[in-house]
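Survey of secondary and tertiary structure
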Amino acid sequence: MGATLNVVTSYFAGIDYRGDQLQINPHMPKQWEKISFNMLFKGVKFSFEVTQDTITIVTDKDTEVQFIGKDLPLTANQEIELTY
């Protein structure tokens, strides 16, 4: 079961947590409407909602991620919606 969840978050939602910073590059299956999940990474709580063409992110602390190869600062408790 754990491997299945890893495929969903790592490949379909595009969240790579192997480095010092989250890297995000979604690949949603055309048959899926959205994926919603939370994760804790380096002491920061992240909330994600991924659809066919957008990703919404909320964090509990100021942080930075890479979104499709570009650095993206995130402000605590401020929802950001990105198009990909």
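Just so we're clear, the structure is a prediction, and the values are computed from it rather than from any experiment.

Basis of the calculations
Residues numbered from 1 in each chain as written. Predicted model: local features only at pLDDT ≥ 70, side-chain atom pairs only at ≥ 80, totals over all residues. Heavy atoms only, no water. Phe/Tyr/Trp six-rings, centres within 6.5 Å; stacked < 30°, edge-to-face > 60°. Helix = DSSP H or I, 4+ residues; strand = E, 2+ residues; numbered from the N terminus. Buried < 20%, exposed > 50% of the residue type's maximum accessible area, 1.4 Å probe, protein only. Salt bridge = Lys/Arg side-chain N within 4 Å of Asp/Glu carboxyl O. Pairing = 2+ DSSP bridges. Axes fitted to C-alpha atoms, helices over the stretch in contact; angles between N-to-C directions.

Here's the deal with the packing of aromatic side chains
As enumerated under the stated definition, the model contains four aromatic pairs in all. Geometrically, the ring pair formed by phenylalanine 12 and tryptophan 32 is edge-to-face, given 4.8 Å between the ring centres and 75 degrees between the ring planes. One end of the pair, phenylalanine 12, is in helix α1 (residues 2–12); the other, tryptophan 32, is in the loop between β2 (23–24) and β3 (34–41), with 20 residues separating them in the sequence. Here phenylalanine 46 and phenylalanine 48 contribute two aromatic rings whose centre-to-centre distance is 5.7 Å and whose plane-to-plane angle is 5 degrees, an arrangement assigned as stacked. For the pair shown, phenylalanine 46 and phenylalanine 48 are each scored as buried. These aromatic residues form a ring-pair network of at least three members: Tyr11, Phe12 and Trp32.

Considerations on the pattern of salt bridges
Following the criterion strictly, the structure yields two salt bridges and no others. Notably, a salt bridge pairs aspartate 16 with arginine 18, separated by 2.8 Å at the nearest N-O pair.

Focus: the pairing of strand β7 (residues 70–74)
Bridge analysis of strand β6 (residues 63–67) against β7 gives five bridges, and the strand direction is antiparallel. Residue pairing for β7: glutamate 64 is matched across the bridge by proline 73.

A closer look at the sheet that holds β3
What the four strands build is an open sheet, ordered β3-β4-β5-β8; its pairing is antiparallel. What marks the edges here is a single partner per strand, and that holds for β3 and β8 (80–83). Taking each pair of neighbouring strands and ignoring which way they run, the sheet shows an average axis angle of 20 degrees. The pairing of strand β4 (residues 44–51) with strand β5 (residues 54–59) spans five bridges and is classified as antiparallel. Looking across to β5, one finds that phenylalanine 48 is bridged to isoleucine 57.

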